[in-house]
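Descriptive structure summary
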Amino acid sequence: VCHFTQRSSTFSFSKICSIFWRFHHTSTSHLCSCSKTISDEKYQDPFQLGRKDLKNLYEDIKKELLVSAAELKEMCDYYFDGKGKAFRPMIVVLMARACNIHHNNSKEVQASQRSVAIIAEMIHTASLVHDDVIDDANSRRGKRTLNQIWGERKAVLAGDFILSAASVALARIGNTTIISVLTQVIEDLVRGEFLQLGSKENENERFAHYLEKTFKKTASLIANSCKAVSILGCPDPKVHEIAYQYGKNVGIAFQLIDDVLDFTSCADHLGKPTAADLKLGLATGPVLFACRQFPEMNAMIMRRFSKPGDVERARKYVLQSDGVQQTTYLAQRYCHAATREIRKLRPSPEREALVHLTEMVLMRDK
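Each value, and the rule that gives it
- Residues numbered from 1 in each chain as written.
- Predicted model: local features only at pLDDT ≥ 70, side-chain atom pairs only at ≥ 80, totals over all residues.
- Heavy atoms only, no water.
- Helix = DSSP H or I, 4+ residues; strand = E, 2+ residues; numbered from the N terminus.
- Buried < 20%, exposed > 50% of the residue type's maximum accessible area, 1.4 Å probe, protein only.
- Contact = heavy atoms within 4.5 Å.
- Areas by Shrake-Rupley, 256 points an atom, 1.4 Å probe, with all protein chains shown as cover.
- pLDDT = per-residue confidence, 0-100.
- Phe/Tyr/Trp six-rings, centres within 6.5 Å; stacked < 30°, edge-to-face > 60°.
- Lys NZ or Arg CZ within 6 Å of the ring centre and 35° of its normal.
- Polar contact = N/O pair within 3.5 Å; in protein donor to acceptor, adjacent residues only side chain to side chain.
- Patch = residues over 30% accessible without salt bridge, like charges linked within 9 Å, V, L, I, M, F, W, Y side chains within 5 Å.
- Salt bridge = Lys/Arg side-chain N within 4 Å of Asp/Glu carboxyl O.
- Axes fitted to C-alpha atoms, helices over the stretch in contact; angles between N-to-C directions.
- Parallel < 35°, antiparallel > 145°, perpendicular 65-115°, else oblique.
- Nonpolar A, V, L, I, M, F, W, Y, C, P; charged D, E, K, R; others polar.
- Lys, Arg positive; Asp, Glu negative; His and termini not counted.

**Re the overall build of the chain**
Broken down by element type, the chain carries 18 helices and two strands. Across the 366 residues that make up the chain, the buried fraction comes to 57%. Contacts spanning at least 24 positions in sequence make up 76% of the contacts within the chain whose residues lie at least 6 apart. For the chain, the accessible area works out to roughly 15,900 Å², and carbon and sulfur atoms hold 52% of it.

Here it is, written out as structure tokens:
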């Protein structure tokens, strides 16, 4: 039984921890392959299906960021250059169509639903700008970060400005329920950042802490954006829950794979430095799994890899262990849960594209 699709956004930590230990002791020969086979269902390319509704996405975002100060405008436009994958907006418009079709066979995305996709990308980008300041990062998406070019103070203000423009766009939708759902994302992002700044001494609590942080920092945005468009497109609370659970599970899987890539991908391919999390003192999934095979890592985790040589040793332990494999397997479990949820909707090309998206999350290499 999968314990990851509870109705509440709060995880049952004891269940997660018991599953964590069970996963760890699973023979690696029984683990799924990292490159999951394509679904037997008719192939639907999510990016192809979502392209129509995402046309001029970045131009529309720039319209929301109208500002007279040339320097602030340049900073705001920096990441909205049209070169991003637009992963979150694409999920949002596909979910909107899948829910609309489920409800009344409407194949069009409503203007308010598309606005949610725009707002989701704006909130996400603002969070990246702020994250880079907190982490003192020097590269993002293969280019220099805002804080490296314009300095920390101006980068913070640019992130604030993007967030405020997203809030104005959200208010314009004029639906108090949607405002409540999407402002929850902003609260979760802040709480997630605070969770990341802390650490747990108790080994059993560490994994629960990590998953809660992962939900708040990454999955909440996808889960609540999916829920918002389902509310706009369908009155059935069961559909709202399906959309939320799909987004939550895909979001957690996405971050788990991101944490794997921090150990397995090269910096040029990833667009940011590798082993970045270790350098920030963060113990992600691969580290926590590796810790069971190399208990000496516990002391390094508690001192946040601060001693000379800690980062290199920890990286070596992770790659010698089955931490990468186990984290990938855990991501697969979340993707399977997301697939089970979305299949509760009526069949549609968009539903199948959302199923295929779970496979793309597992197979991505950057």
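**Comments concerning the confidence of the model for the chain**
Residues with a pLDDT of 70 or more make up 86% of the chain, whose mean pLDDT is 87. Across the chain, helix H17 (residues 323-342) holds the top mean pLDDT of 98, while helix H1 (residues 13-24) sits lowest at 44. When the criterion is pLDDT under 50, residues 1-41 qualifies, and its contacts beyond four places in sequence or with other chains add up to 88 contacts.

**Regarding the packing of aromatic side chains**
Taken as a whole, this structure holds seven aromatic pairs when the rule is applied. Judged by centre distance (5.6 Å) and plane angle (65 degrees), the rings of Phe 207 and Tyr 210 are edge-to-face. Remark: Tyr 210 and Phe 207 occur in helix H10 (residues 203-233); sequence separation between them is three residues, near one turn of the helix. For the pair Phe 207 and Tyr 210, one class covers both residues: buried. Relative to Tyr 317, the ring of Phe 294 has its centre 4.6 Å away and its plane inclined at 25 degrees; by these criteria the two rings are stacked. Residue Phe 294 is found in the loop between helix H14 (285-293) and helix H15 (297-302), and its partner Tyr 317 is found in helix H16 (residues 310-320); the two are separated by 23 residues along the sequence. The same class applies to Phe 294 as to Tyr 317, namely buried. A network of ring pairs unites the aromatic residues Tyr 78, Tyr 79 and Trp 150 as a single cluster. Positioned above the aromatic ring of Tyr 78, the side-chain terminus of Lys 143 is 4.1 Å from the ring centre.

**Details of the environment of Ser 321**
Within the secondary structure layout, Ser 321 lies in the loop between H16 and H17. What makes Ser 321 buried here is its relative accessible area of 13%. Setting aside its immediate chain neighbours within four residues, Ser 321 contacts Ala 290, Gln 293 and Phe 294. Of note is the side chain of Ser 321, whose polar atom sits 3.0 Å from the backbone nitrogen of Gly 323.

**A few points about the side chain of Ser 220**
Within the element layout of this structure, Ser 220 appears in helix H10. Here Ser 220 falls in the buried class, since its relative accessible area comes to 0%. Setting aside anything within four residues of it in sequence, one finds Ser 220 in contact with Gln 184, Val 185, Asp 188, Phe 215 and Ser 225.

**Notes on a nonpolar patch on the surface**
Together, Ile 134, Val 190, Phe 194 and Leu 197 make up a nonpolar patch on the protein surface, roughly 420 Å² of accessible area in all. Per element, the largest residue contribution to the nonpolar patch is three residues, and it comes from helix H9 (residues 176-197). Note on placement: Phe 194 falls in helix H9.

**Quick look at the packing of H9 against H10**
In the contact formed by H9 and H10, the axes pass within 8 Å of each other and the chain directions differ by 170 degrees. Taken together, the axes of H9 and H10 are roughly antiparallel relative to one another. Within the contact of H9 with H10, the residues separate by chemical class into 11 nonpolar, eight polar and eight charged.

**Considerations on the pattern of salt bridges**
Considering all chains together, one arrives at 19 salt bridges under this definition. A salt bridge links Asp 132 to Arg 140; the nearest nitrogen and oxygen atoms lie 2.7 Å apart. Overall, Arg 140 belongs to the buried group, its relative accessible area being 14%. Measuring nitrogen to oxygen at the nearest pair gives 3.4 Å for the salt bridge that ties Glu 352 to Arg 343. On the basis of relative accessibility, which here comes to 9%, the residue Glu 352 falls in the buried class. Taking relative accessible area as the criterion, Arg 343 reaches 31% and is therefore assigned partly exposed. Residues participating in the shared-partner salt-bridge network are Asp 53, Arg 97 and Glu 350.

**Structural notes on the side chain of Lys 213**
With respect to the helices and strands, Lys 213 occurs in helix H10. The side chain of Lys 213 sits in the buried core without any salt bridge; Asp 259 is the nearest counter-charge, 5.1 Å away.

**Details of unusual backbone geometry**
Of note in this structure, Ala 86 is not a glycine but carries a positive phi near 55 degrees. The topology assignment puts Ala 86 in the loop between helix H4 (70-78) and helix H5 (87-104). By relative accessible area, Ala 86 is classed as buried at 10%. Positive phi, close to 65 degrees, is recorded for Asn 105, a residue that is not glycine. When you line up the elements, Asn 105 lands in the loop between H5 and helix H6 (111-135). Its relative accessible area of 40% is what places Asn 105 among the partly exposed residues.

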